[in-house]
Amino acid sequence: AQTVTQSQPEMSVQEAETVTLSCTYDTSESDYYLFWYKQPPSRQMILVIRQEAYKQQNATENRFSVNFQKAAKSFSLKISDSQLGDAAMYFCAYRRDNAGNMLTFGGGTRLMVKP
Amino acid sequence: DVKVTQSSRYLVKRTGEKVFLECVQDMDHENMFWYRQDPGLGLRLIYFSYDVKMKEKGDIPEGYSVSREKKERFSLILESASTNQTSMYLCASSLGTRNTEAFFGQGTRLTVV
């Protein structure tokens, strides 16, 4: 079974600074997808960024980028120029390459942004 | 925009009651999911459905059942609610094809007293 681990229950960052959230996963599959979801206080889960395992290039979405290390099974999220609106729970998630689209989530990291 | 709507944001039920959590999506998605969210544990899959009347168990199905009579609606049923089912419940949906995004509802915070 796949497992996803987020070792940082809480993180804080100063506004405009950069922060990195960690995620490791365990799988025997070679093809899969990795995701970072954001859950603000409104509770609405929002997809931040996704990475296909077969792509060597790290995904980026504006201020959000990932460091995907397939051999190390590591998938960290970097948030640059942090904004107050980035404060939320962040979940790392894994999905096998099949039609089921089932996600396996990590335990989450609460990010606080200090003004 | 895809919309996944859960019928209640907050729910308080008594131990032993039968509880229905309803989820409706408006984008003709084949797949629908029920997750349970607990602090430190993230989201855990309870059940999912890939078609009408089809269902499969997820990681923690004990104490729950589901119903999908129409494509747009997926119900989670707690046959006899217990205090250890106090949690946040999140519904999600996605297309049936590969590599598609899952869209989530806003969650139902259920308290069983």
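You'll find the structure just up there.
Bear in mind the structure is a predicted one, so any value in this text is a computation, not a measurement.

Cut-offs and rules
- Sequence order sets the numbering: in each chain, residues are counted from 1 along the sequence as written.
- As a convention, the first chain written is A and the first ligand written is 1, with the rest following in written order.
- Totals for whole chains, interfaces and linings use every residue, but because this is a predicted model, local features are given only for residues with pLDDT of at least 70 and side-chain atom pairs only at 80 or more, for both listing and counting.
- Processing note: side-chain calculations cover all non-hydrogen atoms of the structure and skip hydrogens and water entirely.
- Working definition: rings of Phe, Tyr and Trp (its six-membered ring) pair if their centres are within 6.5 Å, and the pair is stacked with planes under 30 degrees apart, edge-to-face with planes over 60 apart, and tilted otherwise.
- Helix numbers and strand numbers start at the N terminus; a helix is a DSSP run of H or I with at least 4 residues, a strand a run of E with at least 2.
- Buried means the residue's accessible area, taken with a 1.4 Å probe over protein chains only, is under 20% of the maximum for its type, while exposed means over 50%, and partly exposed covers the values in between.
- By definition here, charges over rings are those cases where NZ of Lys or CZ of Arg is within 6 Å of the ring centre and within 35 degrees of the ring normal.
- By convention a nonpolar core is built from buried Ala, Val, Leu, Ile, Met, Phe, Trp, Tyr and Cys residues, the set being connected through side-chain atoms within 4.5 Å.

A.B. asks: Mind laying out the packing of aromatic side chains, listing which residues take part and the relevant values?
C.D. replies: Enumeration according to the criterion identifies 16 aromatic pairs over all chains in this entry. With a centroid separation of 6.3 Å and an interplanar angle of 25 degrees, the aromatic rings of A:Trp36 and A:Phe75 are classed as stacked. Of this pair, A:Trp36 sits in strand β5 (residues 32–39) while A:Phe75 sits in strand β9 (residues 74–79), and the two are 39 residues apart along the sequence. Residue A:Trp36 is classed as buried on the basis of its relative accessible area of 0%. Accessibility expressed as a relative area gives 0% for A:Phe75, which makes it buried. The interplanar angle of 75 degrees and the centroid separation of 6.2 Å between the aromatic rings of A:Phe105 and B:Phe104 together place this pair among those described as edge-to-face. Remark: B:Phe104 occurs in strand β10 (residues 103–104) and A:Phe105 occurs in strand β11 (residues 104–105); the pair is interchain, linking two chains. Overall, A:Phe105 belongs to the buried group, its relative accessible area being 5%. Its relative accessible area of 4% is what places B:Phe104 among the buried residues. Connected via pairs of aromatic rings, a cluster forms that spans A:Phe35, A:Tyr37, A:Phe91, A:Phe105, B:Phe33, B:Tyr35, B:Phe48, B:Tyr50 and B:Phe104. Across from the ring centre of A:Tyr33, 4.8 Å away, lies the NZ or CZ of A:Arg95, which sits over that ring.

A.B. asks: I'd like to hear about the nonpolar core, residue by residue, with values.
C.D. replies: Taken as a class, soluble globular proteins show a tendency for nonpolar side chains to be buried jointly. Core analysis: the largest hydrophobic core is formed by 25 residues, its most contacted members being A:Tyr25, A:Trp36, A:Phe75, A:Leu77 and A:Tyr90. If one sorts the elements of this core by residue count, strand β10 (residues 88–96) of chain A sits on top with four residues.

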